[in-house]
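Structural description and commentary
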Amino acid sequence: MTRIAHEKLTALIVRKLVLAGLSAEHAGMVAASLVHADARGVHSHGALRVEYYAERISKGGTNPAPRFVVERRAPAAAVFDGDNGAGHVAAFEAMEVAIEIAREQGVAAVGVRRIGHSGALSFFVEQAARQGLVALSMCQSDPMAVPYGGAEPYYGTNPIAFAAPGEGDDRMMLDMATTVQAWGKVLNARIRGEAIPPDWAVDASGAPTTDADAVRALLPIAGPKGYGLMMMVDVLAGMLLGLPFGKHVSSMYHDLSAGRELGQLHLVIDPAAFTDARAFRCRVSQAMRELSASIPAAGVERVLYPGEDCVLRERESKRLGVEVDDAVLAYLESEVIHRNAYAGKDPFAR
Ligand code: NAI
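Small disclaimer: the values here were computed from a predicted structure and weren't measured.

Conventions adopted
- Residues numbered from 1 in each chain as written.
- Predicted model: local features only at pLDDT ≥ 70, side-chain atom pairs only at ≥ 80, totals over all residues.
- Heavy atoms only, no water.
- Helix = DSSP H or I, 4+ residues; strand = E, 2+ residues; numbered from the N terminus.
- Rg over C-alpha atoms; globule rule 2.2 N^0.38 Å.
- Buried < 20%, exposed > 50% of the residue type's maximum accessible area, 1.4 Å probe, protein only.
- Contact = heavy atoms within 4.5 Å.
- Areas by Shrake-Rupley, 256 points an atom, 1.4 Å probe, with all protein chains shown as cover.
- Lys, Arg positive; Asp, Glu negative; His and termini not counted.
- Charge placed at Lys NZ, Arg CZ, Asp CG, Glu CD.
- Pairing = 2+ DSSP bridges.
- Near = heavy atom within 4 Å.
- Polar contact = N/O pair within 3.5 Å; in protein donor to acceptor, adjacent residues only side chain to side chain.
- Disulfide = S-S within 2.5 Å.
- Domains from an automatic or database assignment.
- Buried area = accessible area lost by both parts, 1.4 Å probe.
- Salt bridge = Lys/Arg side-chain N within 4 Å of Asp/Glu carboxyl O.
- Nonpolar A, V, L, I, M, F, W, Y, C, P; charged D, E, K, R; others polar.
- Core = buried A, V, L, I, M, F, W, Y, C linked by side-chain atoms within 4.5 Å.
- Expected span 1.5 Å × (residues − 1).

Thoughts on the overall build of the protein chain
A tally of regular secondary structure across the protein chain gives 10 helices and 11 strands. Against the globule reference of 20 Å for 350 residues, the protein chain gives a C-alpha radius of gyration of 20 Å, in line with a compact fold. Dimensions of the protein chain, computed from the C-alpha atoms along their principal axes, are close to 55 × 55 × 45 Å. Classification of the 350 residues of the protein chain by burial places 48% in the buried group. Here the analysis covers contacts within the protein chain between residues at least 6 apart in sequence; of these, 68% occur between residues at least 24 apart. Carbon and sulfur atoms form 57% of the exposed surface of the protein chain, whose accessible area is close to 15,600 Å². Seen as two clouds, the 35 positive and the 41 negative side-chain charges of the protein chain have centres 0 Å apart.

Shown next, in the form of structure tokens:
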């Protein structure tokens, strides 16, 4: 890993995405999301993804000039059509719409349909929390997780993110996939020849496995509870928006020349519609302080409030530069746009 300045990493990502065919404006917005993820230590959704995005843009699977259409279907509900542009850009613009509606109506539900991969969802809920709003966002992803008790993938890693603003820059956040671990972590174990814990994934027969090479699907978090959450995300971010759902959701790698048609849902609440907004923010900050001061379990240095691990890494990145994998940095600094590494790839193949 190498640490580099935020601005330098941003410029490298923008350059590569523009070379692949994205406009400078959209490339800048995608880069902001990726650098946000890397700065928070969420490398699975940072600069590591640029080469995949570059291949997809080059092959036509990401619309470089999408026509976004917003339809206000009810006072607090809107549908945002992303025209299969970069998911980060569409989800950001759709969150701006949700923020505006929530300010006006107290609450907002904005469905984002027909988009590409939108990266780390913390980016969007933070966007609303910075403006004093509570936000929830969730999205579909390609089918890689078994249903509880099943042997073949049905749902994606369908992530959920939440943010609540406290005083000043305080905020509590949750941003998680609904699988125990991201696929990238199984891949890392495979590359290193290491075993994985038995609760991460299953083999072709649906049996839990510690052999990273034998993995054919990921397990939902907390058994039937994570399975239920995946279902919830698929209903809210897919079925509700008339999109392919469950195992019909497009694969990340199958056809890089076609749009992904993914769905995402943003829910935004203006605390002022329910309570005194200042008092609400004070309560959030109070809970953060109380959690930080609560007695740690044996062997734990300090209890962190939800999301504090990322905040600590973000502060370190601001001070020392953002950590990037050396191979990713070498690619970003090279003149290569992409190496045809992703099209047609079976994510579970060895
Ligand atoms: P994770 O397991 O690293 O973290 C989950 C949550 O736990 C985070 O909110 C984190 O801040 C919190 N946390 C971790 N340790 C903590 C501690 N000691 N105290 C308090 N809170 C703590 O996250 P995961 O599940 O690996 O997801 C990574 C990213 O992948 C997310 O940004 C998610 O949005 C993204 N993702 C995106 C997908 C897409 O298709 N766009 C699909 C799946 C995931």
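Observations concerning the pairing of strand 10 (residues 262-269)
For a regular strand, side-chain orientation follows a simple rule: the groups alternate between the two sheet faces. Within strand 10, 6 of the 8 residues are buried, which leaves it mostly tucked inside the rest of the structure. Bridge count between strand 4 (residues 107-115) and strand 10: 8 bridges; the pairing is antiparallel. Across the sheet, residue Val-107 finds its bridge partner in strand 10, namely Ile-269. Pairing of strand 5 (residues 134-139) with strand 10 involves 6 bridges; the strand directions are antiparallel. Across the sheet, the residue bridging to Val-134 is Ile-269, located in strand 10.

With respect to the site of the ligand
Taken together, the neighbourhood of the ligand is formed by 21 residues, with His-45, Gly-119, Asp-175, Ala-177 and Asp-309 sitting nearest. A distance of 2.8 Å separates an oxygen atom of the ligand from a polar atom in the backbone of Ala-177. The set of elements that each furnish at least two residues to the shell around the ligand consists of strand 7 (171-176) and helix 9 (308-320). It is strand 7 that contributes the most residues to the shell around the ligand, 3 residues altogether.

Details of the environment of Ala-258
Relative to the helices and strands, Ala-258 resides in the loop between helix 7 (224-237) and strand 10. Residue classification places Ala-258 among the partly exposed residues on the basis of a relative accessible area of 29%. Placed 199 residues apart in sequence, Ala-258 and Lys-59 show a C-alpha to C-alpha distance of 8.3 Å. The residues contacting Ala-258, other than those within four sequence positions of it, are Arg-56 and Gly-61.

A look at the state of the cysteines
A full pass over the atoms with the stated rule returns 0 disulfides. Cys-139 forms no disulfide, and the closest cysteine sulfur to it belongs to Cys-310, at a distance of 16 Å. Cys-139 gets classed as buried once you look at its relative accessible area, which sits at 8%.

Concerning the domain arrangement of the protein chain
Segmenting the protein chain into domains produces domain 1 (2-179 + 220-274 + 316-333) and domain 2 (180-219). Taking only C-alpha atoms, the centre of domain 1 and the centre of domain 2 are 25 Å apart. Counting from both sides, the interface comprises 11 residues of domain 1 and, opposite them, 11 residues of domain 2. Of the roughly 810 Å² buried where domain 1 meets domain 2, counting both sides, 66% is carbon and sulfur surface. Looking at the side of domain 1 facing domain 2, the largest losses of area belong to Met-144, Ala-151 and Thr-179, adding up to 52% of the total buried there. Where domain 1 packs against domain 2, one counts 0 salt bridges. If you look at where domain 1 meets domain 2, you find 3 residue pairs in polar contact (both at pLDDT 80 or more). Of the residues contributing to the side of domain 1 that touches domain 2, the split by class is 7 nonpolar, 4 polar and no charged.

Quick notes on the side chain of Arg-190
Secondary-structure assignment places Arg-190 in helix 6 (residues 183-192). A polar side-chain atom of Arg-190 sits 3.1 Å from the main-chain carbonyl oxygen of Ala-212.

Side note on the nonpolar core
Within the largest apolar cluster, 33 residues are counted, with the highest numbers of intra-cluster contacts made by Leu-9, Ile-13, Leu-17, Val-30, Ala-47, Val-50 and Leu-332. At the level of secondary structure, the elements contributing two or more residues to this core comprise helix 1 (6-20), helix 2 (24-39), helix 3 (50-58), strand 11 (322-324) and helix 10 (326-333). Here the element with the most residues in this core is helix 2; it accounts for 7 residues. Not counting residues up to four positions away in its chain, the partners in contact with Ile-13 are Ala-31, Leu-34, Val-35, Ala-47, Val-50 and Leu-332. Counting residues in hydrophobic clusters, the runner-up holds 30 residues, among them Ala-78, Ala-161, Met-173 and Val-268.

Section: helix 1
Taking 1.5 Å per residue as the helical rise, helix 1 with its 15 residues ought to reach 21 Å, and the 21 Å between its terminal C-alpha atoms agrees with that figure. Within helix 1, burial applies to Leu-9, Leu-12, Ile-13, Val-14, Lys-16, Leu-17 and Ala-20. Buried residues belonging to helix 1 abut strand 1 (2-4), helix 2, helix 3, strand 11 and helix 10. Phi turns positive, to about 125 degrees, at Gly-21, one or two residues after helix 1.

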